[in-house]
Amino acid sequence: MIQAQSADGVMHEFPDGTDPAVVDRVMKSYAQQQAPAPKPELDPMTGQAPAQDMGWLSRQLMGIQQAIGGPTDALRQGATLGLADEVGAAGGAVGEIAGRSMTGKPVNMGGPSLTHLITGQEAPSLGSAYSENLDQIRGQQQAWGEEHPIADVALQIAGGLGTGLGMTKGLAPAKTLMGNIGQNAAVGAGTGAVAGAGNAEGGPYERLVGALTGGVAGGAIGGALPAAAGVLGRGVGMVGNALGLRNPQTQASRLMLNALERDQVTPQDLATRAAQYPGQPVSIADVAGPNTQRLAGAAFRVPSQGRAQMLDQLEQRNFERPERIVDLMRGAMGNPEAFKQTVEQITVQRAQAAKPFYDLLRQSDPAMYNTPEVIEILNTPAGRRAIAAAEQKALNLREPFPQLVTTEVDPLTGQQVQRVTKIPNFEALDQVKRSLDDIIEDARDPISRRIPSEVRDIARVRGDLVAEMDDVTNGLYAEARQSFAGPSASLDAMNSGRAFAKGDVEDMGRLFGGLSSGDKDLFRLGVVRELREMIERGGGNRNQAAAIMGPGMRRRLAEIFPDQQSYQAFMQALRMENTMQQTSNVVRGNSATAERLSEDAAQGAAMNDIADLGGAVMSGNPMRMAGAGIGWAARRARGINEPVANQLSSALMDPSPQTRNQVIAELLRSSQARQAPQPIPAALLAGSRTLLPALLGGGLAPQSSN
């Protein structure tokens, strides 16, 4: 920054590169404004000072004049092609000299004057009055322009456009393109020369250089206008879009096509992908790619009706996800709601199959079970533990159970001991055997079917008891167990299915491979029931699809599906559920903080745009000003206003097939229109990028590389 200090100690700052003559004029204008008002001259007729009170109306008129003076001067400066300040200075000088002559005040008409000889001070001349007026006018213009840089440039451009259009209005229209180019080049060269000379400061040489530069630039720009109509049309469209004037649907389609291109996805791909998920509420954002998902997120962060609709759709879709995943499993492995009913049916079937045998055993003589071997087995720690469990179970079920353990005196020690001495019936012995089964099964691994070492002794006691019961019943008890075993194995298969996520994958594969075809279906039923409970335990805010898609879980599921095709179809649908959750995370930003950061970034970008525009205007470089304006419009054109956000919200996130198909059809039309040949030659665009900066001061001249 250039700094200059005035007589009152105030420091004034000017942009780097400001002409010293401009600095000098501004400082003089400031000094004049701060100087004490001179004493009024006496009226020659009355000998008194004129009245100082202007009155209320005069003060209002003065305020209005000050308010409109700056804008009017800027507009007039542009309309006169930079000559308004000089015309005004000349008119003021002529009026001042004429007034002094009429009132008898001294005027310098050239050569030494009587006033100069007596007082030593020179009387004003026409030239000095002109220079003083010009400095004052330009100082005022400079001050207002620094205070209102954007308005100053805009009003001067508007005034210049009005003059240029007025000059071309009276001309007969050219019949050919080349004629139109020549006609506009001539007008542009003339107006450019006048404006260049008028805005130049200094002597004849500086004026001549300004006229030549303005004439060449004006001729080039004027001649390029007819051929560059398409380019200007695009620029106007860009500005219109920045102001929200373009068709929101067209703008939304353009943004979607850009995102799809970055995702390397075509509109045809969207239709093909969406057709693979007929039972799932997929949207275009789900089947496109990450760039399209981020576009949906950008639309979501714009306050609009579309944002509310998107939020409802996402929340509804997330809420229904657990049930959709259960439906996928239901179609692949069975209905989880049928698990309990199936268990009850198998239990009834098992009881019916074993009933004839158990009826005969219940009618058998109790004495046949009271063998020394059976009594000895029941008096082992494992036997006594099983008896206690059987008694506890009977109490819980409120069923009678005979007292097997009695107190007696040991003949050797004479002390009282508790022992089993008698089996009252088959039912009591069978309940003890079942308690041993329960102890062993509770400790057994549901997948590997192994039992831990601490219950292996109990398993041996059970085996001995079963062998004795088979022997004393002549095999009738073995037949009863065999009729019971088939349905029991089916129940075991279902329970093992519910435990499929535990243990080693290899053990589960061996267990599943050893089952019959019917028991494999029951195993899958147990799996789907367990998966449903896993999903329900996870809650609605969790990504249940990701939990099921873990590497270990995928290996287990691959072992139990009927075939590879059904497994792949299930996993594909599950991956889409995971993708839909990811879309929701991207769109919503996964937190309110993301929305605040996005809004802060948008505000920061807007402040940067304002700073760029202001810096370009203050620089005085036309190409820099044009580049800053076009850059602002381009950034705004890439942005999303509320109507565009509404269009994007519906197009990208609506899962209905009808809306999705309509959007894909529109994208196909827009894509074909985009690929059509453009009427504007690329050579003209390339030439304009090179010619205009050189003509307008080299503001965009290439920098040499080291």
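Just above sits the structure.
Because the structure is a prediction, the values reported are computed rather than measured.

Cut-offs used in this document
- In this numbering scheme, every chain counts its residues from 1 along its sequence in written order.
- At least 70 in pLDDT is required for a residue's local features to be given in this predicted model, at least 80 for side-chain atom pairs to be given and counted, and no such filter applies to totals for whole chains, interfaces and linings, which use all residues.
- Side-chain descriptors were evaluated using all non-hydrogen atoms of the structure, hydrogens and water having been removed beforehand.
- Secondary structure elements are taken from DSSP: a helix is a run of H or I of four residues or more, a strand is a run of E of two residues or more, and numbering for both begins at the N terminus.
- The buried label applies to any residue whose accessible area, calculated with a 1.4 Å probe on protein chains only, is under 20% of its type's maximum; exposed applies above 50%, and partly exposed to all values in between.
- Two residues qualify as a contact provided that any one of their heavy atoms is within 4.5 Å of a heavy atom in the partner residue.
- Residue burial considers only the protein chains on display, and all accessible areas are found by Shrake-Rupley using a 1.4 Å probe.
- Angles here are taken between N-to-C directions and fall from 0 to 180 degrees, while the axes themselves are lines fitted to C-alpha atoms, restricted in helices to the stretch in contact.
- By definition in this entry, angles of less than 35 degrees are roughly parallel, angles greater than 145 are roughly antiparallel, angles of 65 to 115 are roughly perpendicular, and the rest are oblique.
- Pairing between strands is defined by DSSP: at least two bridges between the two strands are required.
- Stacked, tilted and edge-to-face pairs are distinguished by plane angle, under 30 degrees for stacked and over 60 for edge-to-face with tilted covering the rest, among Phe, Tyr and Trp rings (Trp via its six-membered ring) whose centres lie within 6.5 Å.

Undergrad: Give a detailed account of the overall build of the protein, specifying residues and quantitative values.
TA: Helix and strand content of the protein: 30 helices and 4 strands. Each of the 706 residues in the protein was classed as buried or not, and the buried ones make up 36%. Excluding contacts between residues fewer than 6 apart, the proportion of contacts in the protein whose partners are at least 24 apart in sequence is 71%. Just so you have it, the protein exposes about 40,000 Å², and 56% of that area is on carbon and sulfur atoms.

Undergrad: Help me get a handle on the packing of helix H21 (residues 505–513) against helix H24 (residues 551–560), residues and values and all.
TA: Look at H21 against H24: their axes get within 10 Å of each other, and the N-to-C directions meet at 10°. Judged by the inter-axis angle, H21 sits roughly parallel to H24. Contact residues: H21 offers Val505, Glu506, Met508, Gly509 and Phe512, while H24 offers Arg555, Arg556, Glu559 and Ile560.

Undergrad: Describe in detail the pairing of strand S4 (residues 416–420), supporting the description with residues and values.
TA: Note that strand S3 (residues 405–409) and S4 share 5 bridges and pair antiparallel. Across the sheet, the residue bridging to Thr406 is Arg419, located in S4. If you look at the hairpin formed by S3 and S4, you'll find 6 residues sitting between the two strands, and Gly414 has a positive phi there, around 75°.

Undergrad: Give me the side chain of Ser584: which residues, what numbers.
TA: Counting through the fold element by element, Ser584 comes out in helix H25 (residues 564–588). Assessed through its relative accessible area of 3%, Ser584 is described here as buried.

Undergrad: Give a detailed account of unusual backbone geometry, specifying residues and quantitative values.
TA: Even without glycine at this site, Arg398 takes up a positive phi of about 55°. Following the sequence through the fold, Arg398 ends up in the loop between helix H17 (381–397) and S3. For Arg398, a relative accessible area of 80% corresponds to the exposed category. Phi is positive for Asn474, close to 55°, though the residue is something other than glycine.

Undergrad: Please give an account of the packing of aromatic side chains that cites residues and values.
TA: Summed over the entire model, instances satisfying the criterion amount to 6 aromatic pairs. Between Tyr369 and Phe426, the ring centres sit 5.8 Å apart and the planes meet at 40°, which makes this aromatic pair tilted. One end of the pair, Tyr369, is in the loop between helix H15 (339–362) and helix H16 (372–378); the other, Phe426, is in helix H18 (residues 426–443), with 57 residues separating them in the sequence. Of the aromatic side chains, those joined through ring pairs into one cluster are Tyr358, Tyr369, Phe426 and Tyr477.

Don't take any of this as a statement about function, it's just geometry.
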